[in-house]
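Here is how the chains run, residue by residue.
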Amino acid sequence: MSRRHIREIKTTLSGERQVFDCELLRATEGEAVVVYRMPADRMLENILLPEGTLSLGYFRVDQAFNAYHWIDDEHNTLALYFNICDRTEISADSIAWRDLTLDLLISPDGVCRVLDEDELPPDLDRDLLEYIHATRRLLCAAPLSRLAEYDKLTRKLINPE
C-alpha cells in the first residue's frame, strides 16, 4: 500500500519548532494517524524501543493529547506515549500542534509514568496549568484501558478485515 508523506510540526511553549517527516496511514475529518519505523534503538525511561519499532501517531483536533503507540513486528505493545497538547491542526500536508511539556508513558504492565513535569514553566498561566493537570488525571486514571483501546485501534489499522 502506498502512503502519502505528511509533516508533523511540534511547537513548544517557548516557541521552538520541530518538524518530523511521517507517512499518513489514515485521515478523516479532524483526525489523522501517521506511521514511522524507528531507524535505531532508543531507550525511553527503562523501555527499549528497538530498531524497527513501528510507531503509530494518533492526532485529533478535539483532544487534549496525542498518542504514540509503539509496537514490535508481531504487533505487541512496547509502550504507549502521550503528549499533552493543544492547538492541533490537521491539513492535507501537515499536522501541527503545541506541546504543553508534560508527557505520559504507559508500559505494557499498565504503569503510568509522568515525564517532564519539572520542565513546566513556573510562570505558566493558571488555566493552562489546570488544563494540563486535568488531562494528566484523565490519562492516568485507567492506563490498562488506554492500552487496550490503542491496541484495538492499531490492530484494526494494521490488519483490516
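Residues numbered from 1 in each chain as written. Predicted model: local features only at pLDDT ≥ 70, side-chain atom pairs only at ≥ 80, totals over all residues. Heavy atoms only, no water.

### Section: the pairing of strand 9 (residues 94-106)
Side chains on a regular strand alternate between the two faces of the sheet. We apply this condition: Remark: exposure states derive from per-residue accessible area (1.4 Å probe, protein chains only) relative to the maximum for the residue type, with buried under 20%, exposed over 50%, and partly exposed in between. Every helix listed is a DSSP run of H or I at least four residues long, and every strand listed is a run of E at least two residues long, numbered separately from the N terminus. Paired strands are those between which DSSP finds at least two bridges.
Judged by how many residues are buried, strand 9 sits mostly within the fold: twelve of 13 residues are covered. Both strand 1 (residues 4-11) and strand 9 contribute to a ladder of five bridges, which runs parallel. The residue of strand 9 that forms the bridge with Thr11 is Arg98. The hairpin turn running from strand 8 (residues 77-90) into strand 9, its antiparallel successor, is three residues long. As paired strands, strand 9 and strand 10 (residues 112-115) are joined by four bridges and run antiparallel to one another. Following the sheet pairing, Leu105 is matched in strand 10 by Arg113. A loop of five residues connects strand 9 with strand 10, the two strands running antiparallel in sequence, and Gly110 in this loop sits at a positive phi of about 90°.

### Some words on helix 1 (residues 126-141)
In plain terms, the rule: Expected span of a helix, by definition, is 1.5 Å for each gap between consecutive residues, and there is one gap fewer than residues. Directions drawn from the helix axis to the C-beta atoms are what define this arc.
The end-to-end C-alpha distance of helix 1 is 22 Å, a good match for the 22 Å that 16 residues give at a rise of 1.5 Å each. Along helix 1, the residues that are buried comprise Leu128, Ile132, Thr135 and Leu139. Take helix 1 and look down its axis: the buried residues cluster within an arc of 65°, on one side only. Along helix 1, the residues that are exposed and aim more than 90 degrees away from the buried face are Arg126, Asp127 and Ala141.

### Quick word on the nonpolar core
Basically, it comes down to this: Residues grouped as a nonpolar core are buried Ala, Val, Leu, Ile, Met, Phe, Trp, Tyr and Cys residues, joined through side-chain atoms within 4.5 Å. Two residues qualify as a contact provided that any one of their heavy atoms is within 4.5 Å of a heavy atom in the partner residue.
In terms of nonpolar packing, the biggest core is built from 24 residues, with Leu56, Tyr58, Phe82, Ile84, Ile132 and Tyr150 touching the most fellow members. Breaking this core down by element, the ones donating at least two residues are strand 3 (31-37), strand 6 (54-60), strand 7 (65-71), strand 8, strand 9, helix 1 and helix 2 (143-158). Top contributing element to this core by residue count: strand 9, with four residues. If near-sequence neighbours (up to four positions away) are discounted, Phe82 is found in contact with Phe65, Asn66, Ala67, Leu102, Asp103, Leu104, Ile106, Leu139, Arg146 and Tyr150.

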